[in-house]
Amino acid sequence: MSTAPPVARAYDALRPRILQRLLELRATLDPALARLDDPTAQAQIGAVLDHLGNFITTGDLGLHRAFLHTFLAMRAAEAQGPAAVLAMLVAIGDTAAQVAQEAGAGTTEGAELTLLLTRVTASTARAVNDLIAEELERRIAQWGELAARAGGPQP
């Protein structure tokens, strides 16, 4: 018997439908995803869905932030800015919530999963914004240190 909460099991059951919808919409989620072959796009979207599922199951924000940090870095290496990554993650969460709402229409479980996915999407957006702000603070501090060494204007 699974120890995962019922809403996590409901998410796992819907995950294939969510993935299929996201693959169908991938060109609108992120132009970079549209340029990828199907297996690569499926792997990238699947990784996000896996971590959303982990977050739903565990509620471990630290683990979720670590994934998001790595995901931001990976996408930056592909010349994707943080705003584009944030928009893509929110679109994935919104699409997952929409699929859950459609699949669970009129049921308590469907309403609970839809609400949870909406909250997870909001938490994801907050975490990404926090990561972006932390990186900006680090860069401003670094700029200040470099300017102080060079005797130039400081931020």
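**Q** How should I be thinking about the overall build of the protein chain in this particular structure?
**A** Tallying secondary structure elements over the protein chain gives six helices and zero strands in all. Based on the C-alpha atoms only, the size of the protein chain along its principal axes is roughly 65 × 35 × 25 Å. Classification of the 155 residues of the protein chain by burial places 39% in the buried group. Of all intrachain contacts in the protein chain linking residues separated by at least 6 positions in sequence, the fraction that spans at least 24 positions is 62%. Of the roughly 8700 Å² that the protein chain leaves accessible, carbon and sulfur atoms contribute 58%. Taking the 13 positively charged and 17 negatively charged side chains of the protein chain as two groups, their mean positions are separated by 2 Å.

**Q** In this structure, what is going on with unusual backbone geometry? I would like to understand it.
**A** Leaving glycine out, the prevailing phi sign among residues is negative, and the prevailing peptide bond configuration is trans. Even without being a glycine, Ala-79 presents a positive backbone phi close to 65°. Position of Ala-79 among the secondary structure elements: in the loop between helix H4 (61–77) and helix H5 (82–103). A residue is classified by how much of its surface remains accessible, and Ala-79, at 69% relative accessible area, is exposed.

**Q** Looking at this structure, how should I read the pattern of salt bridges?
**A** Side-chain pairs of opposite charge can arise where the charged atoms are in close proximity. For the structure shown, the criterion picks out eight salt bridges. A salt bridge links Arg-21 to Glu-102; the shortest N-O distance between them is 2.6 Å. Remark: Glu-102 occurs in helix H5 and Arg-21 occurs in helix H1 (residues 6–29); sequence separation between them is 81 residues. Glu-102 gets classed as partly exposed once you look at its relative accessible area, which sits at 41%. We note a salt bridge from Arg-65 to Glu-134, for which the minimum N-O separation is 2.9 Å. Of this pair, Arg-65 sits in helix H4 while Glu-134 sits in helix H6 (residues 108–150), placing them 69 residues apart in sequence. Take Glu-134: its relative accessible area is 40%, and that puts it in the partly exposed class. Here the salt bridges share partners, and the residues they tie into one network are Asp-30, Arg-75 and Glu-78.

Each value, and the rule that gives it
Residues numbered from 1 in each chain as written. Predicted model: local features only at pLDDT ≥ 70, side-chain atom pairs only at ≥ 80, totals over all residues. Heavy atoms only, no water. Helix = DSSP H or I, 4+ residues; strand = E, 2+ residues; numbered from the N terminus. Buried < 20%, exposed > 50% of the residue type's maximum accessible area, 1.4 Å probe, protein only. Contact = heavy atoms within 4.5 Å. Areas by Shrake-Rupley, 256 points an atom, 1.4 Å probe, with all protein chains shown as cover. Lys, Arg positive; Asp, Glu negative; His and termini not counted. Charge placed at Lys NZ, Arg CZ, Asp CG, Glu CD. Salt bridge = Lys/Arg side-chain N within 4 Å of Asp/Glu carboxyl O.

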